[in-house]
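If you want the building blocks of each chain, they are given just below.
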Amino acid sequence: MGMLKEFKEFAMRGNVIDLAVGVVIGGAFGKIVTSLVNDMIMPPIGLLTGGVDFSDMKWVLKPADNTDPAHKVAEVAVNYGMFINTLIQFLIVAFAIFLLVKAINRLAPKPEDQPAVQPPDVVLLTEIRDLLKARQ
């Protein structure tokens, strides 16, 4: 029973719940960004590049062989166009998170300048020094 109680305490901590909420929202945000890139950004870029669709760009290492129905061989290719799409998606997500963090930091109260607190050792040594000076 001790382990179950410990797990419950761990799972109910604010950090774990915040992380779970962040993961769910991040997944939904990822779908929005994927749609933004695939449906809004890539078509104009494809138009500018002469109708090229990045997701179709690939380097075929071994073409598919469907001549023998019993022994079909799938195509082996490096899909660098999909990598370009994913890279653009990452840059959009990174920029959006940057803007979000920047806005949150702007809204957060700025810490007030507080005088530096000396460690207890320094305070004690200062008091000893002052006492020795007073004895002289």
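The rules we used
- Residues numbered from 1 in each chain as written.
- Predicted model: local features only at pLDDT ≥ 70, side-chain atom pairs only at ≥ 80, totals over all residues.
- Heavy atoms only, no water.
- Helix = DSSP H or I, 4+ residues; strand = E, 2+ residues; numbered from the N terminus.
- Rg over C-alpha atoms; globule rule 2.2 N^0.38 Å.
- Buried < 20%, exposed > 50% of the residue type's maximum accessible area, 1.4 Å probe, protein only.
- Contact = heavy atoms within 4.5 Å.
- Salt bridge = Lys/Arg side-chain N within 4 Å of Asp/Glu carboxyl O.
- Core = buried A, V, L, I, M, F, W, Y, C linked by side-chain atoms within 4.5 Å.

Overview of the overall build of the chain
In terms of regular secondary structure, the chain is built from 4 helices and 2 strands. Secondary structure of the chain in N-to-C order comes out as α-α-β-β-α-α. For a compact globule of 136 residues, the expected C-alpha radius of gyration is about 14 Å, and the chain comes in at 30 Å, more than 25% above that figure. Across its three principal directions, the C-alpha atoms of the chain cover 105 × 55 × 30 Å. Taken across its 136 residues, the chain has 7% of its residues classed as buried. Intrachain contacts of the chain at a sequence separation of at least 6 include 39% that bridge at least 24 residues.

Describing the pattern of salt bridges
Tallied over the full model, the rule gives 2 salt bridges. As a salt-bridge pair, Arg-129 and Asp-130 come within 3.2 Å of each other at their nearest N and O atoms. Exposure remark for Arg-129: the relative accessible area of 43% places this residue in the partly exposed category.

Quick word on the nonpolar core
Formed by Val-33, Val-37, Met-42, Phe-54 and Ile-92, the largest nonpolar core amounts to 5 residues. With 3 residues, helix α2 (residues 14-48) is the largest single contributor of residues to this core. The contact partners of Ile-92, leaving out residues within four places of it in the chain, are Val-33, Leu-36, Val-37 and Ile-41.

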